[in-house]
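Structural overview
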Protein chains: 2
Amino acid sequence: MKKIQIYDTTLRDGSQGEHVSFSVEDKLHVARKLDELGIDYIEGGWPGSNSKDIAFFRRAQELKLKHARLAAFGSTRHPRSAVAHDRNLQALVEAATPVVTIFGKSWDLHVKVALGISLEENLTLIRESVAYLKSKGREVIYDAEHFFDGFKADREYALATLGAAEAAGADMIVLCDTNGGTLTSDLRERFRVASEHVKTPLGIHTHNDCEMAVANAIAAVELGAVQVQGTMNGYGERTGNANLCSVIPNLELKLGLRTIGREKLKHLTEVSHYVSELANLIPRHDLPYVGKSAFTHKAGVHVSAVMKESAAYEHIDPAVVGNARRVLVSELSGKSNVLYKAEELGLEIDKSSPHAKVVVEKLKEMEHDGYQFEGAEASFQILFDKLLHHFPEFFELDGFRVITEKMGRNEPYSEAVIKLRVDGKEEHTAAEGVGPVSALDRALRKSLGRFFPCIRDVRLTDYKVRVLNPRDATDARVRVLIETSDGHDTWGTVGVSENIIEASWKALVDSITYKLKKEYGAKRAESKAAK
Amino acid sequence: MKKIQIYDTTLRDGSQGEHVSFSVEDKLHVARKLDELGIDYIEGGWPGSNSKDIAFFRRAQELKLKHARLAAFGSTRHPRSAVAHDRNLQALVEAATPVVTIFGKSWDLHVKVALGISLEENLTLIRESVAYLKSKGREVIYDAEHFFDGFKADREYALATLGAAEAAGADMIVLCDTNGGTLTSDLRERFRVASEHVKTPLGIHTHNDCEMAVANAIAAVELGAVQVQGTMNGYGERTGNANLCSVIPNLELKLGLRTIGREKLKHLTEVSHYVSELANLIPRHDLPYVGKSAFTHKAGVHVSAVMKESAAYEHIDPAVVGNARRVLVSELSGKSNVLYKAEELGLEIDKSSPHAKVVVEKLKEMEHDGYQFEGAEASFQILFDKLLHHFPEFFELDGFRVITEKMGRNEPYSEAVIKLRVDGKEEHTAAEGVGPVSALDRALRKSLGRFFPCIRDVRLTDYKVRVLNPRDATDARVRVLIETSDGHDTWGTVGVSENIIEASWKALVDSITYKLKKEYGAKRAESKAAK
């Protein structure tokens, strides 16, 4: 099985993404995780460009990588410096990594405009820089920046730059579509010509500006590239780099090539999410292979088929990349979605019973009103219990009042008053909050805490508002989605109303009910109901 | 210049995306916008699968599309129904669209497992269904579902299904990679064989499960496909469909083919954002061509080069797709952005004045707090006037109080009390609303109506809430965007606060202020201030 090297530049090119930001500590964590995943090369940064990256390489000695080789990134020498005194090359040497990756110009436009030197001088820059780093005993990867654009502008010159890197002893030459503007068909043709021109092994580095970064990387491998450079989740400047979370499984599962191996592939989803967390970005749910929605089925027609034969609607088994199948309940769903979902949640229902029909009908009605149970499985479960098992309420609401006041230019003030009963015992209390919903949440938990101490551990961890028919302006219906955690589990609930306070109230009540049911079970509620 | 048809299925396949949800009203808005953009076909929904789509087609008669042809989507007839009594086909006919798109099975596995019929029977289903719809005078597009997987499993049979559709008179046959699992190289080969097998024009429908949907669509066009099916922003089930916002510019700008034409292409970014708004999804900043980051340069080596020669680091001119170049971080760029924006709004400012610096600083501070002036130009203008021209307020707030009450299981009740002064005259009044913000809006307009009768014509036409830091749950900061109309003009305003009532209040006050300034100008406000 042919081996393709995976070269990760999340920590360098990926960190150029507009909302991506890693501390030195984050970078060390990510590097460790990528090593565990079986990535072959980890590019840690550009020591010549910023002090954070210098700090990273200094601390990288602690990493003790098991498999990956660490690379430092930089450019060919400055036109007016000798290699031995070039600030950038010296920083690369000082980074003390086994691998150094340097980029040079392949595009005549860049040589003239960005560097302001002659085409011949640029070849000298490439030759001397590569040779110098080789003389320091490094594995040298040469990134031919803008190769595909350069080829289009002046094919002979672009190829000559590869020849210069090869002559100087580069271990690998990587063809870069730096601006990401090359279509697959053009890239194939140019890659093929380059591969006939040099003997050095070739790699591929693509960007996503035409939404073709992954396809272009795969096309290059099909033409003989032995290294793919990319980033986790496709992070990177502008529209991002080739997404290794798609490249790796495409190579392993579709082309039968070896990258990180089947065993490590099972950790791909986990590592993808880990990197998002450290980059402080919400994981994209629609990412191929590793996204939460990647094996999610919504349409009724699909779900019944998926249950019969998963290969019919899934291009791979999600477990192979550590992901999982999910079935959504939505307006588009038929009976089979509801039943599948119920089964997944461990809820018992006889498929042929009239109850099943009742649940489906009720759900459709609620969805029509704007309910959505995606991300609100706890509300689904509570509804299910209520409809099928006549599950009683844990408390009875007498009433609440939420007040928001603003006097002149002062900060606003929000307060909630609530009166409810548990087992016939009344609780009447009040709380403040930064806003009306926050006040109501606090008042509700304060009043119930007396009866059910466990809800003191419960915290809201996410609050989302969606206006369902925004064109009705302030009379519009709103859907509130809440995520709650008790330190062990996390669950989602939903509420819909034209009144945002009431929508929030419904989601809050479900959130608390879920916790109480989890803690005390049906028995406790029934014993109360009996009183 | 060869024409490639663009077939948009945002309203059908796109709405299968996990977080995508359109109301009937939204669907009508989107269809109108797609028509304006020059899209050739708009697939409105699947009338056989849900009542919302039936409602859409009923109301679609109002649309009066200028260019696009509306399509209804459905499947071949049920194995046990005659075409004239098939519920799904009847729903398609009743949708009364010029175009009908039906999908049939190309994959033997699906025929056997999902439909449970013989391969021969499936060919009959396809033939009869296509012929029936043709007999009703429709343009019939046949979607060969799972064609590429079917081809792999049983090439002869997959091709036979195309033959059946062709024989029955299909106007177009679209090859679908329904599971999205096909690599470009395989897709090319299978598309080529299919194109030699049938004479009917071919289209392509791809999904993004290998992150290749766009590349696959483009590859098919290069091999002769004359129609591309996809969705705006790539919305769709699982990992989404081919993203038309990338497909269209790739075809127009890279392959020199005609789709919507260069003039309409300038609206691509705007329409992309419009569709996100209606789908209530945050626009992805890293989308190719239309994303906010697509032509964004971080400070450093790129920026100085971009200044010298934009082609050096941009694969196309962003203006061609209605996008813009952005340069991050640098203070200078911030100032020029602000000045550019001010100029755009016809606001006068001396570039070298210290005022310009004041405005830039204030805006940066507000943006850091979560303000955003896209879609809220009126708030930007008011802020500008206040900072530079010390524009006075039209009224002074003494205070307001908003109360939401719920008693037992009754409907909630919201009421706002407001006390304010105009020219020293006090107004103290109250109003109800369906929710707290609606009550506050009514109370504010009621109280000011006495002094400024013109605001009685003012109506809120849009209200949006976005939670800025959802993980802080109910303590999170929220941004409220309001759109207001007086029948002639429409303007947008924004408010940010941790308290949703206050955020709404700020946006409401700006909205009213904008109207008053428009109606009475600065003079009136100054005369009041002088009293």
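Data block above holds the structure.
Read on for a plain summary of the structure.

Conventions we followed
Residues numbered from 1 in each chain as written. Chains lettered and ligands numbered in written order. Predicted model: local features only at pLDDT ≥ 70, side-chain atom pairs only at ≥ 80, totals over all residues. Heavy atoms only, no water. Helix = DSSP H or I, 4+ residues; strand = E, 2+ residues; numbered from the N terminus. Contact = heavy atoms within 4.5 Å. Salt bridge = Lys/Arg side-chain N within 4 Å of Asp/Glu carboxyl O. Buried < 20%, exposed > 50% of the residue type's maximum accessible area, 1.4 Å probe, protein only. Pairing = 2+ DSSP bridges. Expected span 1.5 Å × (residues − 1). Axes fitted to C-alpha atoms, helices over the stretch in contact; angles between N-to-C directions. Parallel < 35°, antiparallel > 145°, perpendicular 65-115°, else oblique. Left-handed = near helix turned anticlockwise from the far one by under 90°. Nonpolar A, V, L, I, M, F, W, Y, C, P; charged D, E, K, R; others polar.

Note that Val226 of chain A resides in the loop between helix H9 (213-222) and strand S8 (227-230). Those residues within four positions of Val226 of chain A in sequence are excluded, and the remaining contacts are Lys2, Lys3, Ile4, Gln5, Met172, Pro201 and Leu202 of chain A.

Okay, the pattern of salt bridges next. Residue and element names in this part refer to chain B. Within this structure, the stated rule accounts for 64 salt bridges over all chains. Measuring nitrogen to oxygen at the nearest pair gives 2.8 Å for the salt bridge that ties Arg69 to Glu139. Pair noted here: Arg69 is in strand S3 (residues 69-75) and Glu139 is in strand S5 (residues 139-145), with a separation of 70 residues, a long-range link. Here Glu145 and Lys105 are joined by a salt bridge, their closest N and O atoms 3.1 Å apart. Here Glu145, found in strand S5, pairs with Lys105, found in strand S4 (residues 99-105); they are 40 residues apart in sequence, far enough to count as distant. Here Glu145 and Lys105 have matching classes, each one buried.

Let us now look at the pairing of strand S16 (residues 490-497) of chain B. All names here are of chain B. Among the 8 residues of S16, 7 are classified as buried, and the element is accordingly described as predominantly covered. Where strand S15 (residues 478-485) and S16 come together, 8 bridges link them in antiparallel fashion. Residue pairing across strands places Val480 opposite Gly495, the latter belonging to S16.

A word on helix H5 (residues 119-135) of chain A. Residue and element names in this part refer to chain A. Here H5 spans 25 Å end to end across 17 residues, near enough to the 24 Å set by a 1.5 Å rise per residue. By the burial criterion, the buried members of H5 are Asn122, Leu123, Leu125, Ile126, Ser129, Val130, Tyr132 and Leu133. Of the residues flanking the end of H5, it is Gly137, one or two places downstream, whose phi is positive at about 80 degrees.

For any two helices packed against each other, one specifies the crossing angle of their axes together with the interaxial distance. Residues and elements named next belong to chain A. Running from N to C, helix H3 (residues 87-94) and H5 cross one another at 25 degrees; their axes reach a closest spacing of 11 Å. Here H3 is positioned roughly parallel relative to H5, judged by the angle of their axes. The hand of the H3/H5 crossing is right-handed. For the pair H3 and H5, contact is made by Leu89, Gln90, Leu92 and Val93 and by Ser129, Tyr132 and Leu133, respectively. Within the contact of H3 with H5, the residues separate by chemical class into 5 nonpolar, 2 polar and no charged.

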